[in-house]
Amino acid sequence: MKKATLFVICAALLLTAFAGCSGNKNEDNIPGDLSDLIGQIYENYNNQPDVKAALALLEENAPRVEELSGRMNAIYNEMWADGVTDDDRAGMQAELDGIEAELSVLREPEKVKLMETPAQPLSGEGTGMQSIGWFIGDGNENIGFSEGAVSEPMFGGGFSLVLLRMEKDADIDAAKTKIKNGKAGDQDLNAKWVCYIVDPSDFIVDSIGDLLVVIISDKSKELHQAFKQLAQ
């Protein structure tokens, strides 16, 4: 009787443990619309202490930047007016050099700003004029995602943020490896722009639950942290 009772208790404990594991797996999934989640990543990034401080400093510097920019325009208009001598122009140029040096300091915090391009839905075919291979590497169309969204400027380069909702039975680790080693436009995915080469350390592929992210940016580490905050 005692052995039977002990068996029942152990069985119940095992069922509870398995239920707990299953529950934890589900809790890891991040619910919500993918475009909204990209917006949340941007919000998390902008709320990071260093970024928030830099953005506040930019706002504080804005009146002085506007004042100096106005003065520069005025000088440019005066430099080639009738009656202005070469000595006058030399003095104006010296003032312009001083203004540009000050503006460079005042605008330094702009380096933290992101190109927050509105997210677009991403299917197995891609989006807009670009195939799915442009965003996650050629040959990765069937890695097992059910929906996706991308935030990437139409022109320029050096920035891409992709979110994929993976299917229930998808091998997410294998998908991450394929993307990390993938190709896009006959180039490595982390160097897909003709005039912009991304450092390999700025190319991050990660996941939380069924949500997989692909980040290409010189701010990828901070964006990666912002992505991980979705689970908090």
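What you see is a predicted model; the values in this text were computed from it and never measured.

Here we take up the sheet that holds strand 6 (residues 203-208). Strands sit in the order 1-2-3-7-6 across an open sheet of 5 strands; the sheet is antiparallel. Looking at which strands have only one partner, the edges of the open sheet turn out to be strand 1 (120-122) and strand 6. Between one strand axis and the next, the sheet turns through 20° on average, direction left out of account. In terms of strand pairing, strand 6 meets strand 7 (residues 211-216) through 6 bridges, oriented antiparallel. Looking across to strand 7, one finds that D206 is bridged to V213.

Okay, helix 6 (residues 172-180) next. Those residues of helix 6 that sit buried are I172, A175, K176 and I179. Viewed along the axis of helix 6, the buried residues span an arc of 100°, placing them on a single side of the element. Buried-residue contacts for helix 6 involve helix 5 (132-136), strand 3 (160-166), strand 6 and strand 7.

Per-residue confidence for the protein chain averages 86 on the pLDDT scale, and 87% of its residues sit at or above 70. Scored below 50 in pLDDT, residues 1-27 shows 0 contacts in the model against residues more than four places distant or in partner chains.

Another aspect to go through is the nonpolar core. Within the largest apolar cluster, 24 residues are counted, with the highest numbers of intra-cluster contacts made by I41, L161, L163, L211, L223 and F227. Taken together, the elements giving at least two residues each to this core come down to helix 2 (34-46), helix 3 (49-79), strand 3, strand 6, strand 7 and helix 7 (220-228). Counting residues per element, this core draws most heavily on helix 2, at 6 residues. Those residues in contact with L163 that lie beyond four places of it in its chain are L34, L37, I38, I41, E147, G148, A149, L211, L212, V213 and F227. Listed in part, the 23 residues of the second largest apolar core include I132, F145, V162 and W193.

Looking at the element boundaries, L57 is found in helix 3. On the basis of relative accessibility, which here comes to 37%, the residue L57 falls in the partly exposed class. Sequence separation of L57 and L106 is 49 residues, and the distance between their C-alpha atoms is 8.5 Å.

Before going further, it helps to spend a moment on the pairing of strand 7. Counting buried positions along strand 7 yields 6 of 6 residues, so the element is predominantly enclosed. With burial as the criterion, each face of strand 7 is covered, one bearing L211, V213 and I215 and the other bearing L212, V214 and I216. The antiparallel pairing of strand 6 with strand 7 creates a hairpin that spans 2 residues between the two strands, and G209 there sits at a positive phi of about 55°.

Right, let's get into the packing of aromatic side chains. Taken as a whole and judged by the stated rule, the model has 2 aromatic pairs. When the centroid spacing of 6.5 Å and the interplanar angle of 85° are considered together, the rings of W193 and Y196 count as edge-to-face. A relative accessible area of 33% means that Y196 is categorised as partly exposed.

The rules we used
- In this numbering scheme, every chain counts its residues from 1 along its sequence in written order.
- Local features are withheld for residues below a pLDDT of 70 in this predicted model, meaning they are given only at 70 or higher, and side-chain atom pairs are given and counted only at 80 or more; totals for whole chains, interfaces and linings count all residues.
- Excluding hydrogens and water, the side-chain figures rest on all heavy atoms present in the structure.
- When DSSP finds two or more bridges between two strands, those strands count as paired.
- Counting from the N terminus, the helices are the DSSP runs of H or I reaching at least four residues and the strands are the DSSP runs of E reaching at least two.
- Lines fitted to the C-alpha atoms define the axes, with helices restricted to the stretch that makes contact. Angles between their N-to-C directions range from 0 to 180 degrees.
- Buried, partly exposed and exposed residues are distinguished by accessible area as a fraction of the type maximum, computed with a 1.4 Å probe on protein chains only: under 20%, between the cut-offs, and over 50%, respectively.
- The arc under discussion is defined with respect to the helix axis, by the directions toward the C-beta atoms.
- It only takes one pair of heavy atoms within 4.5 Å for two residues to be counted as in contact.
- Each residue gets a pLDDT score, which is the predictor's confidence in that residue and runs from 0 to 100.
- The criterion is simple. A nonpolar core is a set of buried Ala, Val, Leu, Ile, Met, Phe, Trp, Tyr and Cys residues joined through side-chain atoms within 4.5 Å.
- Geometry of aromatic contacts follows a simple scheme: Phe, Tyr and Trp rings, the Trp one being its six-membered ring, pair when their centres are within 6.5 Å, and the pair is stacked under 30 degrees between planes, edge-to-face over 60, tilted otherwise.

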